[in-house]
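# Overview (structure and organization)
Spelled out, the chains give:
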Amino acid sequence: MKVWKKNMVAAAVLVTVCAGIYVNWLYTEESAAASLVDTLDAEKVMSDDTLVLSEDMAAIAAGEDPMDTGSDYFAAVRLSRQQARDSAVNLLQEAMAYNTDSSTKDVESAVELEQIVQTALSEATIESLIIAKGYTDCVAYMSGEGISVAVSAPEGGLQQEDVAVIADIVISQSDYSLEDIRVVEVQ
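Residues numbered from 1 in each chain as written. Predicted model: local features only at pLDDT ≥ 70, side-chain atom pairs only at ≥ 80, totals over all residues. Heavy atoms only, no water.

Ranked by size, the top nonpolar core spans 16 residues in total, and within it Ile126, Ile130, Ile147, Val149, Val151, Ile166 and Val170 carry the most contacts. Listing elements by their share of this core, those giving two or more residues are α4 (103–132), β1 (138–142), β2 (147–152) and α5 (160–173). If we ignore the near neighbours within four places in the chain, the residues touching Val151 are Phe74, Tyr135, Asp137, Cys138, Leu158, Ile166, Val183, Val184, Glu185 and Val186. If you look at the next biggest cluster of nonpolar residues, it comprises six residues, including Phe74, Val139, Ala150 and Val186. (Core = buried A, V, L, I, M, F, W, Y, C linked by side-chain atoms within 4.5 Å. Buried < 20%, exposed > 50% of the residue type's maximum accessible area, 1.4 Å probe, protein only. Helix = DSSP H or I, 4+ residues; strand = E, 2+ residues; numbered from the N terminus. Contact = heavy atoms within 4.5 Å.)

And the structure:
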C-alpha cells in the first residue's frame, strides 16, 4: 500500500510540473512573438546603407584626411565601427528570430553574420600586425570597394617604405590587391 501511495504522489508531482512547464511555454511563446513583431521595424531591413559610419571613418574611406586628429581619434573610430557592427548584428539576429516561414532567409542572414564576424577578425588582425611593426596606433576599415588604413604618423611622416610594409600586411591578411588599399596618415 505504501508503494502505491508513493507512486501516486510522484505521478501527481510530475503531472503538476509538466503542466506548469507547458503553461509557461505557451505564455512565453505568445509574449515573445508579440514583442518581436512590435520591435521589428519594416524600415530596418539589411541593406548596403545599414552600416552607418561616423564622419571621420567616412572621410578615411573616401581617401580624405580626417578632421579630428586628437589622441582619441583611433578610439572614437573603433567605437563607431563597433557600434555600426553591433547594430547590423542585432538586425540580422532579429530577422533570423522573426523569420519562421523560410529557412533560405535564415541561411542568408547566417552568411551575412559570418561575413561581419570575418571582416571584424581580419581588421583586428591587420591592426595588430601593423602595431607590432612599430607604429603607434592604427585603424583598418574593410568595405566592398577596398580597405582603408589610418595610421598614426611616425616622426618624419609616413614614407614609401612604411606604406609598403602596411600594404604587405594588408595583402597577406586579406583578398585585397594593391589598388584596393588606401593608407591615411593621422597626425
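Before going further, it helps to spend a moment on α5. Its 14 residues give α5 an end-to-end C-alpha distance of 20 Å, which sits within 8% of 20 Å, the value for a rise of 1.5 Å per residue. For α5, every residue scored as buried is listed here: Asp162, Ile166, Ala167, Ile169 and Val170. Along the long axis of α5, the arc covered by the buried residues comes to 160 degrees, so they all point the same way. In α5, the exposed positions that point more than 90 degrees away from the buried face belong to Gln160, Glu161, Asp168 and Ser172. (Expected span 1.5 Å × (residues − 1). Arc of directions from axis to C-beta.)

This next bit is on the pairing of β2. Each regular strand shows side chains that alternate between the opposite faces of the sheet. Of all six residues in β2, six are buried, a share of seventy percent or more. Burial along β2 is two-sided: the face carrying Ile147, Val149 and Val151 and the face carrying Ser148, Ala150 and Ser152 are both buried. Across five bridges, β1 lies against β2 in antiparallel orientation. Its bridge partner lying in β2, Tyr141 is registered against Ser148. Note: β2 against strand β3 (residues 181–186), six bridges, orientation parallel. What sits directly across from Val151, in β3, is Glu185. Once the chain exits β2 it traverses α5 before rejoining the sheet at β3, and the crossover so formed is right-handed. (Pairing = 2+ DSSP bridges. Right-handed = clockwise from strand over helix to strand, strands pointing away.)

Another point: the confidence of the model for the chain. Within the chain, residue pLDDT values average 74, and 72% of them lie at 70 or more. Mean pLDDT across the elements of the chain ranges from a minimum in helix α2 (residues 55–61), with 55, to a maximum in α5, with 90. Low pLDDT, under 50, characterises residues 33–37; the stretch is placed with three contacts to residues that sit more than four places away or in other chains. In this model, residues 39–52 is a region of pLDDT below 50 whose contacts with residues beyond four sequence positions or in other chains number 14 contacts. (pLDDT = per-residue confidence, 0-100.)

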